[in-house]
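# Structure assessment
Each chain, letter by letter, is given below.
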Amino acid sequence: MIRTITWKSPPNLAIVKYWGKREGQIPMNPSVSFVLGNLASTTRIMYSTSISAGGLGLARFNGRTDERLTLRLQNYLDGVYQIFPGLSKIRLEVDTQNNFPHGAGIASSASGFSALAFGIASLADELQEEVLPGLNFLQKASWLARLGSGSAARSVFQGFCVWGETQLWAESSNLYAYPINADIPSIFNELRNTILVVSELPKAVSSTDGHRLMENHPYGHGRQKQAETNLQRLKLGLSNQDIYEFLLVAEEESLSLHALMLAASPGYWLFKPETLMLMSIIRQFREDSGVATGFSLDAGANVHLLWFEKDREAIQQFLHDKISPICPPERWLVSGIGYGAERID
Ligand code: DP6
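So, here is what we can say about the structure in this document. The shown structure was predicted, so the numbers you read here are calculated from the model rather than taken from an experiment. What you see as residue numbers is a count from 1 along each chain, following the sequence as written. With the structure being a predicted model, the display of local features is reserved for residues of pLDDT at least 70 and the display and counting of side-chain atom pairs for 80 or more, all residues being used for whole-chain, interface and lining totals. Where side-chain values are given, they derive from all heavy atoms of the structure, hydrogens and water being excluded.

Turning next to the packing of aromatic side chains. What counts as a ring pair is set by centres within 6.5 Å for rings of Phe, Tyr and Trp (its six-membered ring), and what kind of pair is set by the plane angle: stacked under 30 degrees, edge-to-face over 60, tilted for all other angles. Taken as a whole and judged by the stated rule, the model has 11 aromatic pairs. Taken together, a centroid distance of 5.5 Å and an interplanar angle of 50° make the contact between phenylalanine 34 and phenylalanine 160 tilted. In this pair, phenylalanine 34 is assigned in strand 5 (residues 31–35) and phenylalanine 160 in strand 10 (residues 160–163), connecting sequence segments 126 residues apart. Aromatic side chains phenylalanine 246 and phenylalanine 308 sit 6.5 Å apart centroid to centroid with 70° between the ring planes, which places their arrangement in the edge-to-face category. Pair noted here: phenylalanine 246 is in helix 6 (residues 243–262) and phenylalanine 308 is in strand 14 (residues 303–308), with a separation of 62 residues, a long-range link. A simple rule labels every residue: compare its accessible area, found with a 1.4 Å probe on the protein chains alone, to the largest value its type can have, and call it buried under 20%, exposed over 50%, or partly exposed in between. For phenylalanine 246, a relative accessible area of 1% gives the class buried. By relative accessible area, which is 0% here, phenylalanine 308 ends up buried. These aromatic residues form a ring-pair network of at least three members: Phe34, Phe160, Phe188, Phe246 and Phe308. Above the ring of tryptophan 143, the side-chain terminus of arginine 146 is found at 5.3 Å from the ring centroid. When the NZ atom of lysine or the CZ atom of arginine is within 6 Å of a ring's centre and also within 35 degrees of its normal, the charge is said to sit over that ring. Seen from the ring of tryptophan 169, lysine 235 lies directly overhead, with NZ or CZ sitting 4.9 Å from the centre. Here a helix means four or more residues in a row that DSSP labels H or I, a strand means two or more in a row labelled E, and each is numbered from the N terminus.

A separate point is the pattern of salt bridges. When a carboxyl oxygen of Asp or Glu is within 4 Å of a side-chain nitrogen of Lys or Arg, the pair counts as a salt bridge. Going through the model one piece at a time under the given rule, you end up with 16 salt bridges. With a closest N to O distance of 2.8 Å, arginine 233 and glutamate 252 form a salt bridge. Taken as a pair, arginine 233 in helix 5 (residues 220–239) and glutamate 252 in helix 6 lie far apart in primary sequence, 19 residues in all. The residue aspartate 345 makes a salt bridge to arginine 343 at a minimum N-O spacing of 2.7 Å. Judged by relative accessible area, which is 47%, aspartate 345 ranks as partly exposed. Of the residues examined, arginine 343 reaches a relative accessible area of 33% and is grouped as partly exposed. Linked by salt bridges that have partners in common, Arg44, Arg60, Glu93 and Asp95 make up one network.

Any two strands are treated as partners once DSSP identifies two or more bridges connecting them. Here we have six strands laid out as an open sheet, ordered 8-7-9-6-1-16, and mixed in their pairing. What marks the edges here is a single partner per strand, and that holds for strand 8 (64–65) and strand 16 (342–343). Lying over the sheet, helix 1 (residues 67–81) contacts strand 7 (55–61), strand 8 and strand 9 (91–98), oriented at roughly 140° with respect to strand 7. Residues are treated as being in contact if the distance between any of their heavy atoms lies within 4.5 Å. Lines fitted to the C-alpha atoms define the axes, with helices restricted to the stretch that makes contact. Angles between their N-to-C directions range from 0 to 180 degrees.

Here we have four strands laid out as an open sheet, ordered 2-5-10-11, and antiparallel in their pairing. What marks the edges here is a single partner per strand, and that holds for strand 2 (12–16) and strand 11 (178–179). Relative to strand 5, strand 2 runs antiparallel, the two being bridged by four bridges. Across the sheet, residue leucine 13 finds its bridge partner in strand 5, namely phenylalanine 34. Where helix 6 meets the sheet, its contacts fall on strand 2 and strand 10, and the angle it forms with strand 2 comes to roughly 95°.

Interpretation note: all reported values are geometric properties and have no functional meaning in isolation.
Below, the structure written as structure tokens:
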């Protein structure tokens, strides 16, 4: 008999960025992010315990068989078998879809791998196999997600979380993310994120290759110190309800991320002329108007415009007057802070 498990999980945006990793998907520095509302990957696992040949039969993305995805998932499953040996005896098929446009430049590896990891954690429960003993269900899902893509570890929890060991949060871990919402005042529930899609082309250099270039990077040590300082600033900014400090940390971290790419060997860049124009327009608007808004970038050309619900009217006007000539409304994806993953079968 074929059974199915389906989970829906969101992407996330890091305010302090994960950049650089060690063997075993261990981050070089701790990162803090929040999950995005409205956007999600939905991943269905079909499995049969009666077919003796285990492994991955087929992987589909947005309804189509996808060979690259199949290969990536096969590699991923090889890693998962080490902690969940029973899975290797089970025939799986995986079907995943995103509710955000393909090619919107929004990384789907975080949402995709976290939805898949939830499915695998549920499967372990259904088969009554003890996987990662001592951890609760969400920690297991986060650990399993991390093995697929580091940032996916942070898509498991609602709201904000930290991934990577830091003294600032005693329960933080390199192996799974830890939710930090208890430390965060409610003003941050009003955080909004309008994603300005500058480029729909695939990235010239993948994040995985970018992480690799952090090994022996000339600014590697400096980056680790900077991440720790920015983490302290962020924690304090959050607890003081200092939304400007929050936005400044988000911007500085994004600029650092791209500066590290520029200074790598070989150096490269993922931003486009429009990215730079949007960043300077956003800063200028904040300086002129005093409205609490700022930007964040991921490893790509798109700009995340961060703002708060109380400023909705001023932001709508700003988007219309200043942003739309460079990035028209059909290239905006409106999001906010999300409520995390859910099982939907
Ligand atoms: C720039 O998690 O995509 O988005 O672990 O190799 O899959 P892998 O990399 P990935 O890296 C994302 C890095 C980032 C910053 C961040 O999300 O913290």
